[in-house]
Amino acid sequence: MNIRHSGIGMTSSRTRQRMIDRLRVQGIKDEVVLAAMYEVPRHLFVDEALASRAYDDVSLPINYEQTISQPYIVARMIEVMRASVTFPIKRVLEIGTGCGYQAAVLAHVFPKVYSVERIEPLYLRAKRQLAALNIHNVTLSYADGSAGWPAMGPYDGIIMAAATPAMSTQLREQLVVGGRMVLPVGRLEQWLYLVECEQQGFRESKLEPVKFVPLLMGKA
Ligand code: SAH
């Protein structure tokens, strides 16, 4: 029997461990991130019909034309954000809560997480799911997050889970000095960028090609 298709196998430590082993092969090295990825039950964030594929390295539909990001990119973005050697990242903002999976992983890694989602049913579902998992250090907002969430800022780290056609300057202003932002930029061709807020200004690094759903304006 294929273990991924048995109800028990899906949540088994072996299935999760396989995902962690694959993340290592893909180059994820941060043990704190790997431990958080192991802890968060990814199958609870997708429809039951897709749960058997939850630990595969794929993005999956979560309705409303949105997707849950593939495990590799979730781990990679958090690893990049944590890679600062000079500055402990404590308060982070996520733009694009979706099903709440990445917010749950962030909540295992950082003391305080803020996350914004523009689609109300997704916001509500994420809120329910995080509460069901007893995750209480995430504050969600149903809003257009394209300009961040200035009222709760500044942040030590910002992660964008939807691709912006062009780098926004509004967002980076919500970083503290020493803070880091990881975001996909582009339309058809997208690249992951790291923006570091330094005393003298901002430093941008282009990291790797990625594929995200687009950042959209307004609430839905
Ligand atoms: N973080 C999610 C990824 C969700 S996909 C995960 O854990 O898998 C990206 C999400 O960004 C979608 O839910 C989409 O609705 C949301 N989004 C797109 N534009 C947005 C905006 N302007 N403000 C807030 N959320 C936005």
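In what follows, the structure referred to is the one given above.
A. Geometry of helix H3 (residues 31-39). Among all positions in H3, only Val33, Leu34, Ala36 and Met37 are buried. The buried residues of H3 occupy one face: seen down the axis, they fall within an arc of 160 degrees. Capping the start of H3, Asp30 holds a side-chain oxygen 2.9 Å from the backbone nitrogen of Val32, two or three residues further along.

B. Representation of the sheet that holds strand S4 (residues 112-117). Reading across the sheet, the seven strands line up as S5-S4-S3-S6-S7-S8-S9 and stay open at both edges, with mixed pairing between neighbours. Edge positions in the open sheet fall to strand S5 (138-142) and strand S9 (201-210), since each of these has one partner strand only. Neighbour-to-neighbour, the strand axes of the sheet open up by a mean angle of 15 degrees, direction not taken into account. As defined by bridge partners, strand S6 (residues 155-160) adjoins strand S7 (residues 175-186) across four bridges and the pair is classed as parallel. Bridge pairing in S7 links Ile158 to Met181. Where helix H5 (residues 101-109) meets the sheet, its contacts fall on strand S3 (91-95), S4, S5 and S6, and the angle it forms with S3 comes to roughly 170 degrees.

What counts, and where the lines are drawn
- Residues numbered from 1 in each chain as written.
- Predicted model: local features only at pLDDT ≥ 70, side-chain atom pairs only at ≥ 80, totals over all residues.
- Heavy atoms only, no water.
- Buried < 20%, exposed > 50% of the residue type's maximum accessible area, 1.4 Å probe, protein only.
- Helix = DSSP H or I, 4+ residues; strand = E, 2+ residues; numbered from the N terminus.
- Arc of directions from axis to C-beta.
- Polar contact = N/O pair within 3.5 Å; in protein donor to acceptor, adjacent residues only side chain to side chain.
- Pairing = 2+ DSSP bridges.
- Axes fitted to C-alpha atoms, helices over the stretch in contact; angles between N-to-C directions.
- Contact = heavy atoms within 4.5 Å.

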